[in-house]
Amino acid sequence: MQAEPLVLRGHHVLCVLGFRGYGYSEQFVAGMRAIVNRLRAAPEMMVELAVGRDLVCLSCPHLVGEVCKKRGAESGEDTAAHDRRVLDWLGFRVGQRLAWSAVLDMVRQTVKPEDLPNLCRECEWSPLGACEEGLRSLLNGATVK
Ligand code: SF4
């Protein structure tokens, strides 16, 4: 029987590439690490692309109810807009299910490191360079780095 897909919000597709063990709390880092490791170990795993709260958010201290409150009241809409922007860029639709490897193939085809400052303009992690480094690594042949 096909396992349920791993639900991943649009902008977290790029966060997975840039994860270097940093995050909002110990619980968040452990949760994110577990998800990144699952994807690394099984690139054929099915994912379901989402806008809004996903598996990563569930271990995040900024999740209040079902909504991201990282930057206050506007954050839920801002992060959802970030999800939609990334999904649109990749040519995916909300709710689409496909193998993680197929998501990575599309990232390889459509995203360049110099696109990230615009694609992830509201994210405070983006200027640190880890996401760019992760993307370069993917473009150089890694599965998820
Ligand atoms: S900061 Fe917001 S979008 Fe990011 S993991 Fe936390 S709740 Fe989810």
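Heads up: the structure comes first, above all this text.
Treat the numbers as computed from the prediction; the structure is a model and nothing was measured.

Novice: I'm lost on the packing of aromatic side chains in this one. Help?
Specialist: Remark: the centre distance and the inter-plane angle together describe each pair of aromatic rings, the angle taken between the planes. Summed over all chains, the structure comprises two aromatic pairs. For the ring pair Y24 and W125, a centre distance of 5.6 Å and an interplane angle of 65° mean the geometry is edge-to-face. One end of the pair, Y24, is in the loop between α1 (12-18) and α2 (26-41); the other, W125, is in the loop between α5 (116-119) and α6 (130-139), and 101 residues separate them in sequence. According to the relative accessible area criterion, W125 is partly exposed, its value standing at 25%. Three or more aromatic residues joined by ring pairs form one cluster here, namely Y24, F28 and W125.

Novice: Explanation requested: helix α4 (residues 100-110) in the structure shown.
Specialist: The periodicity of an α-helix, 3.6 residues per turn, causes residues three or four places apart in sequence to face the same way. Those residues of α4 lying buried are W100, S101, V103, L104 and V107. Down the axis of α4, the smallest arc covering the buried residues is 155°, so these residues share one side.

The rules we used
- Residues numbered from 1 in each chain as written.
- Predicted model: local features only at pLDDT ≥ 70, side-chain atom pairs only at ≥ 80, totals over all residues.
- Heavy atoms only, no water.
- Phe/Tyr/Trp six-rings, centres within 6.5 Å; stacked < 30°, edge-to-face > 60°.
- Helix = DSSP H or I, 4+ residues; strand = E, 2+ residues; numbered from the N terminus.
- Buried < 20%, exposed > 50% of the residue type's maximum accessible area, 1.4 Å probe, protein only.
- Arc of directions from axis to C-beta.

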